[in-house]
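# Chain and residue survey
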Amino acid sequence: MFCPNCGSSVDENAEICLHCGVNVLKFNNHVNVAKNDNPNIWVNVLSLCCFPLLGIILYFIWKDTQPKAAKSALIFALCGLALSVIMMIIAFVIGVVAEMMNDSYYY
């Protein structure tokens, strides 16, 4: 492999060119991916049920090192946000209907 900046020969596993100091991984689109890049079930459950913001934050933290786990956390977080919005709309509609049934003005 050759350095994209100075053209000197660089080892295949090198991260930085020894001659000019440029990060050769950035140019070769190599990213160090963790070996255990499996979605974490507990992070997904927490992102879905309790803390959707957790999944969004973990996506941005893990997107370079653990892309599969990051994508899974983001998907569950977005589903959790969507479920929260749907539940709030349903609760609002039920509240309006219950108030209409109690108020004699509407019937």
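Residues numbered from 1 in each chain as written. Predicted model: local features only at pLDDT ≥ 70, side-chain atom pairs only at ≥ 80, totals over all residues. Heavy atoms only, no water.

## A word on the overall build of the chain
Selection criterion: Helix and strand assignments come from DSSP, with helices taken as H or I runs of at least 4 residues and strands as E runs of at least 2, each series counted from the N terminus. Summary of the burial criterion: residues with accessible area below 20% of their type's maximum are buried, those above 50% are exposed, and those between are partly exposed, where the area comes from a 1.4 Å probe applied to protein chains only. Any two residues whose heavy atoms approach within 4.5 Å are treated as being in contact. Per-residue and other accessible areas were derived by the Shrake-Rupley procedure at a 1.4 Å probe size, with only the shown protein chains allowed to occlude residues.
Summing up its helical and strand segments, the chain has 4 helices and 0 strands in all. Secondary structure elements of the chain occur, N-terminal to C-terminal, as α-α-α-α. Burial status across the chain gives 21% buried among its 107 residues. The contacts of the chain with a sequence gap of at least 6 include a subset with a gap of at least 24, amounting to 36%. Just so you have it, the chain exposes about 8,200 Å², and 66% of that area is on carbon and sulfur atoms.

## Considering helix 2 (residues 41–49)
Side chains that are three or four residues apart share a direction in an α-helix, a result of its 3.6 residues per turn. Here is the rule: Each C-beta atom gives one direction from the helix axis, and the arc is the one those directions make.
Of all the positions in helix 2, only Val43, Asn44 and Ser47 are classed as buried. Looking down the long axis of helix 2, one finds its buried residues gathered within 100 degrees of arc, a one-sided arrangement. Set apart from the buried face of helix 2 by more than 90 degrees, the exposed residues are Ile41, Trp42 and Cys49. If you follow the buried residues of helix 2, they end up packed against helix 3 (52–62) and helix 4 (67–102).

## A short note on helix 3
Every buried residue belonging to helix 3 is among Pro52, Gly55, Leu58 and Trp62, and all of these are buried. Each buried residue of helix 3 lies within a common arc of 120 degrees when the element is viewed along its axis, so the set occupies one face. Counted as exposed and oriented over 90 degrees from the buried face of helix 3: Leu53, Phe60 and Ile61.

## Topic: the confidence of the model for the chain
Our working definition: A score from 0 to 100, pLDDT tells how confident the predictor is in each residue.
For the chain, the mean per-residue pLDDT works out to 82, and 87% of the residues sit at or above 70. Across the chain, helix 4 holds the top mean pLDDT of 92, while helix 1 (residues 24–28) sits lowest at 70.

## Describing a nonpolar patch on the surface
Our working definition: Excluding any residue in a salt bridge, patches collect residues exceeding 30% relative accessible area, merging like charges within 9 Å and nonpolar Val, Leu, Ile, Met, Phe, Trp and Tyr side chains within 5 Å. Salt bridge, as used here: a side-chain nitrogen of Lys or Arg that lies within 4 Å of a carboxyl oxygen of Asp or Glu.
On the surface, a nonpolar cluster with roughly 860 Å² of combined accessible area is contributed by Val85, Met88, Ile89, Phe92, Val93, Val96, Val97, Met100 and Met101. On the secondary structure map, Val97 appears in helix 4.

## Considering the packing of helix 3 against helix 4
Formally: Helix axes are fitted only over the stretch in contact, all axes being lines through C-alpha atoms; the angle between N-to-C directions runs from 0 to 180 degrees. Roughly parallel refers to an angle under 35 degrees, roughly antiparallel to one over 145, roughly perpendicular to one between 65 and 115, and oblique to any angle outside these ranges. Crossings are sorted by hand: turned counterclockwise from the far helix by less than a right angle, the near helix makes the crossing left-handed, and turned clockwise it makes it right-handed. All residues other than Ala, Val, Leu, Ile, Met, Phe, Trp, Tyr, Cys, Pro, Asp, Glu, Lys and Arg, Gly among them, are scored as polar; the first ten of these are nonpolar and the last four charged.
Look at helix 3 against helix 4: their axes get within 8 Å of each other, and the N-to-C directions meet at 155 degrees. One way to sum up the angle between helix 3 and helix 4 is to call them roughly antiparallel. Handedness of the crossing formed by helix 3 with helix 4: left-handed. For the pair helix 3 and helix 4, the contacting residues are Pro52, Gly55, Ile56, Leu58, Tyr59 and Trp62 in the first and Pro67, Ala69, Ala70, Lys71, Ala73, Leu74, Ala77, Gly80 and Leu81 in the second. Of the residues in the contact of helix 3 with helix 4, the class split is 12 nonpolar, 2 polar and 1 charged.

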